[in-house]
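Chain and residue survey
Now for the letters of each chain:
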Amino acid sequence: MKEKYDCIIVGAGPGGTAAAYTLASNGLNVIQLERGEYPGSKNVQGAVLYANSLEKIIPDFRMDAPLERFLAEQRVWIIDKDAYVGTTHRTAALNWDNADRYTILRAPFDRWFSKKAQEAGVLLICETTVLDLIKEKERVVGVRTDREDGELYGEVVILADGVNSMLARKAGFRKEIVAKEVALGVKETIFIPQEILENRFGLVDNQGVAIEMLGAITRGMLGTAFLYTNKESISIGIGCLLADLKKEKIPPFELLESLKNHPAVKPLIVGGEVKEYSAHLIPEGGYHAMPQIYGEGWMIVGDAAMLVNSIHREGSNLAMESGRLAAETVIEIKKKNARFNKMNLVLYKEKLEKSFVLKDLRKYKNFHAVIGKNRHFLTTYPEIMNVSLFSLLQVDGVDKRTKERETIKNILKKRSVSGILQDAIQLWRATR
Amino acid sequence: MIQIEEKLYQNRYRVDEGRPHIKIKNRETCTLCYDKSCTVLCPAGCYRKNETEEVTLITDGCLECGTCQIICMEHKNIQWEYPRGGFGILYKFG
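Let me sum up the structure you'll find in this document. If you're wondering where the values come from, they're calculated on a predicted model, not measured in any experiment.

Notes on the interface of chain A and chain B
Every contact between the two is made by 54 residues of chain A and, on the other side, 39 residues of chain B. Buried surface at the junction of chain A and chain B, both sides included, amounts to about 3900 Å², of which 56% is carbon and sulfur. Interface area lost by chain A to chain B is led by Lys246(A), Glu276(A) and Tyr277(A), which between them contribute 18%. Counting across the interface, chain A meets chain B through nine salt bridges. A salt bridge links Glu81(B) to Lys170(A); its shortest N-O distance comes to 3.4 Å. The interface formed by chain A and chain B holds 29 residue pairs in polar contact (both at pLDDT 80 or more) in total. Mapped by element, the contributors of at least two residues to the side of chain A that touches chain B are α3 (106–119), α4 (166–170), β11 (182–191), α6 (242–248), α7 (252–261) and β15 (273–283) of chain A. If one sorts the elements of the side of chain A that touches chain B by residue count, β15(A) sits on top with eight residues. By residue class, the composition of the side of chain A that touches chain B is 24 nonpolar, 11 polar and 19 charged.

Now the structure itself:
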């Protein structure tokens, strides 16, 4: 007779490990399977870590988590071909101990998080790919791995196997992924000596900067780019909707190269040494794309459940939140000595509905569709803003009143008053 | 022209020699495919097309993103599995 675990968790990313940690800390017998050599070895993120969801699991994580920098400054750049208009928010009110967001590198971070879970009692098995779910009639009772005698049995299985979730697709819990529901992101980690990096961005005492960019860099495709400062490196990347990339036939690394060569970006990364190139899909379908996330003996968390708020570049925190809530569901059902059937596991969905995870996804459920149908948000407006400001700021002997009149005339050539009003209303509605 | 090999050179891999985790199901189908999106969109440049419109696949540099399988939806001509446990891309930073 094989050992039967209380819970089997597939995947050791933030979602799986949040679930594993929570379960093991409550005395449950948990086994977690990871296909990589170590947790994090398959994982890619920008990456900004939001403290809140981790804090609920490990309140004193700041003590020893491999955090890179806390974000003291956040910029948004609306980019045109050779210019940008931007906003900057910088505050001295935040410091290492009270900040709500930090830049991280996922490989070391995931490894640390998993170590915490193992200390709490989780049995982690790496270098093991789960091939299939084992079912008895409709009920999931275990998993089959690529190890010899690799069948494992548990009362409940949590799928935390990431955006591609082969398991959920094979089992029919999730339909095949379509190109309009995922973005393809490519990224480089560029190393720069710490002192140069801090001088370049004006950083002291572990302060960090995040720059989000949109506009000409995505060539009209739905997408954004980012630049984050780590301790002694910069994470720079760009992501576009896969359906758009397919339509436009642009190699993703070519977009990344253009971004790196944009006159606004180039001086920030000059002299750096690229030490890694990575790519990953991001589930961007939002609320409408979310699959069934629980059933007879199973639950899905994190990216595998398409839980990403792409508008606010949040994902790994949603993964942690959903992982913790799935674990708490297991704990509650276990306490009642009840079965892990669909009827009882609905509790997980209810918990998610009450949390920020699904509240936020619901808030933005139509955002992508609206932007998708109105590409000029990503092309016309960045151009208008940059060109208008350029002309307004030029001191060239033309009087200000004439300049203003010319600028407005030029704007209205690109987009009519009624068009601008319509856009404003649409955007407002899409974010209500 | 950017050399994708230069980018991939920085990465750490453990290649499962002789056991590619992605396969093209039917080579003929690719020859007839008009778009051959895989040869453009694969972020690791694993797919190449030659003069005779054949598509070749070398998975050694694969970043395991899953793009190729999704964009091949019309023909469903890609058999995509994760590499065996421990093999494939090993991100140092992620």
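Looking at the nonpolar core
Core analysis: the biggest nonpolar cluster contains 73 residues, and Leu23(A), Phe61(A), Ile158(A), Leu307(A) and Tyr348(A) have the highest contact counts within it. Per element, the largest residue contribution to this core is eight residues, and it comes from helix α9 (residues 316–335) of chain A. Residue-level mapping places this core at the junction of two domains, with at least three residues from each of domain 1 (4–66 + 105–175 + 291–354) and domain 2 (68–103 + 177–288) of chain A. Among all residues touching Ile158(A), those that are not within four sequence positions of it are Cys7(A), Ile8(A), Ile9(A), Val10(A), Ala19(A), Leu23(A), Met299(A), Val301(A), Ala326(A) and Val330(A). If you look at the next biggest cluster of nonpolar residues, it comprises 65 residues, including Val44(A), Val163(A), Cys30(B) and Ile71(B).

Concerning the packing of helix α13 (residues 380–393) of chain A against helix α14 (residues 400–414) of chain A
Residues and elements named next belong to chain A. Look at α13 against α14: their axes get within 10 Å of each other, and the N-to-C directions meet at 165°. Classed by the angle they form, the pair α13 and α14 counts as roughly antiparallel. Considering how the two elements wind past one another, α13 and α14 form a crossing that is right-handed. In this structure, α13 uses Thr-380, Glu-383, Ile-384, Ser-388, Ser-391 and Leu-392 to contact α14, whose residues at the interface are Lys-403, Glu-404, Thr-407, Ile-411 and Lys-414. Looking at side-chain class alone, the contact of α13 with α14 contains three nonpolar, four polar and four charged residues.

Calculation notes
Residues numbered from 1 in each chain as written. Chains lettered and ligands numbered in written order. Predicted model: local features only at pLDDT ≥ 70, side-chain atom pairs only at ≥ 80, totals over all residues. Heavy atoms only, no water. Contact = heavy atoms within 4.5 Å. Buried area = accessible area lost by both parts, 1.4 Å probe. Salt bridge = Lys/Arg side-chain N within 4 Å of Asp/Glu carboxyl O. Polar contact = N/O pair within 3.5 Å; in protein donor to acceptor, adjacent residues only side chain to side chain. Helix = DSSP H or I, 4+ residues; strand = E, 2+ residues; numbered from the N terminus. Nonpolar A, V, L, I, M, F, W, Y, C, P; charged D, E, K, R; others polar. Core = buried A, V, L, I, M, F, W, Y, C linked by side-chain atoms within 4.5 Å. Buried < 20%, exposed > 50% of the residue type's maximum accessible area, 1.4 Å probe, protein only. Domains from an automatic or database assignment. Axes fitted to C-alpha atoms, helices over the stretch in contact; angles between N-to-C directions. Parallel < 35°, antiparallel > 145°, perpendicular 65-115°, else oblique. Left-handed = near helix turned anticlockwise from the far one by under 90°.

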